[in-house]
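Coordinate analysis (summary)
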Amino acid sequence: MNNPEKEVNMAAPDQAQPLLDQTRSHYDEYPFIEGGSNRIDWWRDYLVEFLPDGLVRGSRMVDVGSSVGEISRGLIDRGAQMTCVDISLGSLRRCREINPEAEIFHASALELPFEDASFDHAISIGVLHHTPDCRRGFHEVARVTAAGGTVVIFLYNYWSLYNLVFQAFKPLRAIWPLEKVPKWMVRTMQPFARTHLGQTLDDGQLRRLLGDKLWTPQATFHSVAEIKRWGAEEGLEFLKLKRFYLGYANVMSFRKRGDAPAGGTGETRLRCVGCGGSALESGSEVHRCTACGREYPLEGGIVRVHA
Ligand SMILES: C[S@@+](CC[C@H](N)C(=O)[O-])C[C@H]1O[C@@H](n2cnc3c(N)ncnc32)[C@H](O)[C@@H]1O
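Just so it is clear, the model here is predicted, and its values are computed rather than measured.

What counts and how
Residues numbered from 1 in each chain as written. Predicted model: local features only at pLDDT ≥ 70, side-chain atom pairs only at ≥ 80, totals over all residues. Axes fitted to C-alpha atoms, helices over the stretch in contact; angles between N-to-C directions. Helix = DSSP H or I, 4+ residues; strand = E, 2+ residues; numbered from the N terminus. Left-handed = near helix turned anticlockwise from the far one by under 90°. Contact = placed C-beta atoms within 7 Å. Nonpolar A, V, L, I, M, F, W, Y, C, P; charged D, E, K, R; others polar. Buried ≥ 20, exposed ≤ 12 C-beta atoms within 10 Å, placed from the backbone. Near = placed C-beta within 6 Å. Pairing = 2+ DSSP bridges.

This next bit is on the packing of helix α2 (residues 37–46) against helix α4 (residues 70–77). Contact geometry of α2 with α4 gives a least axis separation of 8 Å together with a crossing angle of 65°. Crossing of α2 against α4: the hand is right-handed. For the pair α2 and α4, contact is made by Arg39, Ile40, Trp43 and Arg44 and by Glu70, Ile71, Arg73, Gly74 and Asp77, respectively. When the residues that make up the contact of α2 with α4 are grouped by side-chain class, the tally is three nonpolar, one polar and five charged.

All right, on to the environment of Ala142 then. Secondary-structure assignment places Ala142 in helix α6 (residues 134–143). Given 21 C-beta atoms within 10 Å, Ala142 falls into the buried group. The sequence separation of Ala142 and Gly198 amounts to 56 residues, and the corresponding C-alpha distance is 32 Å.

Surveying the vicinity of the ligand reveals 23 residues, the closest of which are Tyr27, Phe32, Gly65, Ser67 and Ala109. Those elements that place two or more of their residues in the shell around the ligand are α1 (13–29), α4 and β2 (81–86). Here the shell around the ligand takes three residues from α1, the largest share from any one element. Residues that form the shell around the ligand fall into these classes: 10 nonpolar, 10 polar and three charged.

As a further point, take the pairing of strand β7 (residues 249–256). Taken across its eight residues, β7 has eight buried, putting it largely inside the fold. The alternating pattern of β7 places Ala249, Val251, Ser253 and Arg255 and Asn250, Met252, Phe254 and Lys256 on opposite faces, both of which are buried. Relative to β7, strand β5 (residues 150–156) is paired through seven bridges, and the arrangement is antiparallel. Counted as the bridge partner of Leu155 is Asn250 from β7. Alignment of strand β6 (residues 236–244) against β7, held across eight bridges, turns out to be antiparallel. Within β7, the residue paired with Leu241 across the bridge is Met252. Hairpin connection of β6 to β7: four residues between the antiparallel strands, including Tyr245 at a positive phi of 20°.

This is the structure in structure tokens:
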């Protein structure tokens, strides 16, 4: 197990890019589960106590690591204007179908293509612990949130049985491809789906769930104290903690210090990830960096930041 006090939330620098690429391939092949209206409703209701209607309605929000966008869907239905970001293009193509109203970016949580304080509120549910640098992802989510905004973060719990299981399983994962896992083993995930989400999933979805839980290339685990400290370092005031399903994860919310912006923040303000933060000139088919000329094509309604 990693040690929460030692901040083992970062891959070695030479492993970061390969890990990012492996993670992208994993979720392209096995996007996170799609539970349909049941799951959309479950998350819509669950988030109300972190993000009440008064905050959500009419606000601009970013969902960092949206996958197919079921959580975003619930927020759009509650009146938010959503921007979805994920590293898996396959997941985002489905997100586009589920959320035609959303702005969608194929980008990394570790390098968000937005100016500081671009959004009223931000969520990142079950994502940053899959990146090569969870701490940096946390910084990025806080950075793009405006003063007065709420940040909701879901991260795996250091103090959980799941942490032990994940570490013990690592050697097996290296030699046993997910597609070779027999159906009976995949179906052991069904009670988890039933008791957690109150629904049954088909074998394909259960394999995606198992993939996320045990075959994902990267998962780090974090204590509440560690995440609270990150919040303090980023100028976030801690608001609320809820243990998630048998304590395998923590859901925490924070408020970014400072005065609340008056109303929405208008258009999404893009910034270049290539040359360290210059503004982008927006076009209907491509956005272009005004400084280095890097292009960000819009393909099938998705802005391609990550090549
Ligand atoms: C467990 S899923 C969670 C999806 C969604 N938030 C939900 O709860 O339904 C993790 C997601 O994180 C995405 N992801 C992993 N690393 C990422 C990164 N560096 N940047 C953006 N997304 C990433 C994966 O592609 C995947 O869609």
